[in-house]
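Observations on chain architecture
One letter stands for each residue in the lines below.
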Amino acid sequence: MRRTLLRGGAGAAAAALLLAAAPVASADPAGGIGDPYFPDYGNAGYDVGHYDLRLDYAPDTDRLKGTATLVATATEDLDSFTLDFLLDVDSVRVNGRKADFSAAGEHKVEVVPRTPVAEGDRLTAVVKYSDVPSSVKWGDGSVTGWNRTPDGAIALGEPEVAWWWFPSNDHPLDKATFDVRVAVPEGYRAISNGVLTGERTVGGKTAYTWRQDRPAATYLATLAVGEYEAHEGETDSGLPVYDAYAESLGSLAGPAKASIERGPEILEFQEESFGPYPYNALGGVVAGPDADLGFALETQTRPVYSHAFFRRGSNTYVVAHELAHQWWGDHVSVEGWDDIWLNEGFASYAEWMWSEHEGEGTAQELAEYTYHSYPAGDPFWDVAPGDPGAENVFHSAVYDRGALAVHALRTEIGDDAFGELLRSWQEKNAHGNGTVEEFIEMSEQVSGKDLGGLYDTWLYSEGRPPAPPGAEGSAATLKAAPEEPDSWEAIERNRELLHRH
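Residues numbered from 1 in each chain as written. Predicted model: local features only at pLDDT ≥ 70, side-chain atom pairs only at ≥ 80, totals over all residues. Heavy atoms only, no water.

1. Some words on the sheet that holds strand S19 (residues 304-305)
What counts here: Two strands are said to pair when DSSP picks up at least two bridges between them. Secondary structure counts use DSSP, requiring at least four H or I residues in a row for a helix and at least two E residues in a row for a strand, with both numbered from the N terminus. Whether two residues are in contact is decided by their heavy atoms: any pair within 4.5 Å suffices. For helices, the fitted axis covers only the stretch in contact; all axes are lines through C-alpha atoms, and the angles between them, taken along N-to-C directions, range from 0 to 180 degrees.
Taken together, the four strands give an open sheet; going across it, the order is S16-S17-S18-S19, and neighbouring strands pair in mixed fashion. The strands lining the two open edges of the sheet, one partner per strand, are strand S16 (228-234) and S19. Of the pairings in the sheet, the one linking strand S17 (residues 240-246) to strand S18 (residues 282-286) comprises five bridges and is parallel in character. Bridged to Ala244 within S18 is Val285. Sitting on the sheet, helix H2 (residues 253-260) touches S16, S17, S18 and S19, and the angle it makes with S17 is about 160°.

What follows is the structure, given as structure tokens:
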């Protein structure tokens, strides 16, 4: 990362005098919010309630100028705090006064307010910045959350992406609402999350204003700028729908539209299992081949899809996967990245549920076929979805074996208890976070069963279990490979792409 120099030596000296008189806590520049897999992600000491992002973007140069206002509350006494951010910062104000700042760690900016902030007090930070996000890499130099395209860019990634376009407390434990205003040259579109509340063209620029009025994790915020064809409408319940398709999709535009625009139908089906849809808008963005984007992501209210999902025709299964994430991962987010099964296991199983609904293969048939697709001894079975490790957060086992674990649970406790469990989990943890351990506890309470053995087998043990979940028959029957369900090819193709975050 390019390191930002500390600005304002006099201010730093004044802050030092204040600290001597009333010592309070300082942020650990290398520390984070406490994630077990990514210990330096996020920041302690404050909780953000709202982000207001006012951006100006030039697609031809990839220059992004921004003013980010973070409305937060100090959760401890602070003489400094850190933000997750990689771009060059021009200035920072805290509670209206200029603050000193400098680069800290590999992806953080340390801020020293003129006056320490007491626990429970407001902490409003205004950060002004300007940079070329595509020129900023991280890690080994290849990691980026800013996906450049010939006509603009898409901010998209997991578990980190905000670093390339707005300063934040970048961890799912700190969710917030968003207002995003983006000015781009006339003829371009700027797409983000939530409801489009304004579109105004003045002096050759168009400003788009988006509002996300329910809390979102920072990695679920997105920005797509480019030449897009937009479709606006609403669901039967009056939910506004905004779908956008890259003009470079060419012959893939047809299958992409045939998939994305079944979103309201898929959503209604999923509400029957998961409960009421928790957000104020619905939609999707499909990137073109020139975006070089090889995955999809459940960006809140408006998932983003690679063109690659539609190369062989329409694909409603990836839509079912990303819309299921609006409950599993977005509405109820992981408490730590070790809880990733709660996101990917259930979103993958949602594809099986949609297959069953469409008559293209039951969940049981897909469970058996998935099980037999990975022979005993395959390294696939060495990854435990309940705690896969940081290096395997998006391993195929988290998706496929994760879905097998969900099916094992469903067949063990029955459809009635299974449905009650899914809806109760969403109600209890609405717009919050949850852990695998808490889900296990709730599943045992709802079902009245001891499920320790089931979870140990499917979530935590290495090696292939002796039989597929829910399968019945003789030992010979259980060993025989079943027929391929009609939905398998599309679902398997999704899996190859989805775990490329």
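2. Digging into the pairing of strand S4 (residues 89-94)
The pairing of S4 with strand S8 (residues 122-131) spans five bridges and is classified as antiparallel. Across the sheet, residue Val92 finds its bridge partner in S8, namely Val127. Where S4 and strand S5 (residues 97-98) come together, two bridges link them in antiparallel fashion. Looking at S5, one finds that Arg93 is bridged to Lys98. Taking the residues that link successive antiparallel strands as the turn, the S4-S5 hairpin has two residues, and the phi of Asn95 there is positive, at about 50°.

3. Regarding the pattern of salt bridges
Formally: When a carboxyl oxygen of Asp or Glu lies within 4 Å of a side-chain nitrogen of Lys or Arg, that pair is called a salt bridge.
The full count for this structure, using the stated rule, is 14 salt bridges. For Arg410, the salt bridge goes to Glu356, with nearest N and O atoms at 3.3 Å. Of this pair, Arg410 sits in helix H7 (residues 396-413) while Glu356 sits in helix H5 (residues 341-358), and the two are 54 residues apart along the sequence. Salt bridges sharing common partners tie together Arg262, Glu265 and Glu358.

4. Structural notes on the pairing of strand S10 (residues 152-155)
Two faces belong to every sheet, and in a regular strand the side chains alternate between them. Short version of the rule: For each residue, the accessible area found with a 1.4 Å probe, counting protein chains only, is set against the maximum for its type, and the residue is called buried under 20%, exposed over 50%, and partly exposed in between.
Side-chain alternation along S10 places Gly152 and Ile154 on one buried face and Ala153 and Ala155 on a second face that is also buried. If you look at the hairpin formed by strand S9 (residues 146-149) and S10, you'll find two residues sitting between the two strands.

5. Comments concerning the layout of surface pockets
We count it as follows: Cavities and pockets are defined on a 1 Å grid built over the protein atoms alone: a cavity is a set of grid points where a 1.4 Å probe fits but cannot escape, while a pocket is an open set with protein on both sides within 12 Å along at least five of seven lines, and lining residues are those with an atom within 4 Å of any such point. Grid points are joined across faces, edges and corners, and a volume is the space filled by probe spheres set on the points. When residues are grouped by polarity, Ala, Val, Leu, Ile, Met, Phe, Trp, Tyr, Cys and Pro land in nonpolar, Asp, Glu, Lys and Arg in charged, and all others, Gly among them, in polar.
Of the volumes computed, that of the second largest pocket is approximately 200 Å³. Forming the boundary of the second largest pocket are Phe269, Glu272, Ser273, Met353, Glu356, Arg410, Asp415, Phe418, Gly419, Leu422 and Arg423. Elements with a contribution of two residues or more to the lining of the second largest pocket: helix H3 (263-274), H5 and helix H8 (415-428). Of the residues forming the lining of the second largest pocket, the biggest block, five residues, is contributed by H8. Class assignment for the residues of the lining of the second largest pocket results in four nonpolar, two polar and five charged.

6. Some thoughts on H3
Quick reminder of the rule: One less than the residue count of a helix, multiplied by 1.5 Å, gives the span that helix is expected to have. The directions considered for the arc are those from the helix axis to the C-beta atoms.
Taking 1.5 Å per residue as the helical rise, H3 with its 12 residues ought to reach 16 Å, and the 15 Å between its terminal C-alpha atoms agrees with that figure. When H3 is considered as a whole, its buried residues turn out to be Gly263, Ile266, Leu267, Phe269, Gln270, Ser273 and Phe274. Buried residues of H3, viewed axially, fall in a sector of 165°; they line one side. On the buried face of H3, the contacting elements are H2, S18, helix H4 (316-324), H5 and H8. Looking at the residues trailing H3, positive phi occurs at Gly275, about 105°.

7. Details of the packing of aromatic side chains
As a reminder, the rule being used: Between the rings of Phe, Tyr and Trp (Trp by its six-membered ring), a pair exists once the centres lie within 6.5 Å; its type follows the angle of the planes, with under 30 degrees stacked, over 60 edge-to-face, and the other angles tilted.
Per the stated rule, a full pass over the model turns up 35 aromatic pairs. Measuring from ring centre to ring centre gives 5.7 Å for Trp341 and Phe439, while their planes differ by 75°; the resulting arrangement is edge-to-face. Of this pair, Trp341 sits in helix H5 while Phe439 sits in helix H9 (residues 436-447), and the two are 98 residues apart along the sequence. The pair Trp341 / Phe439 is uniform in exposure class, with both members buried. Pairing Trp425 with Phe439 gives two aromatic rings, centres 5.3 Å apart and planes at 85°, and the pair type is edge-to-face.

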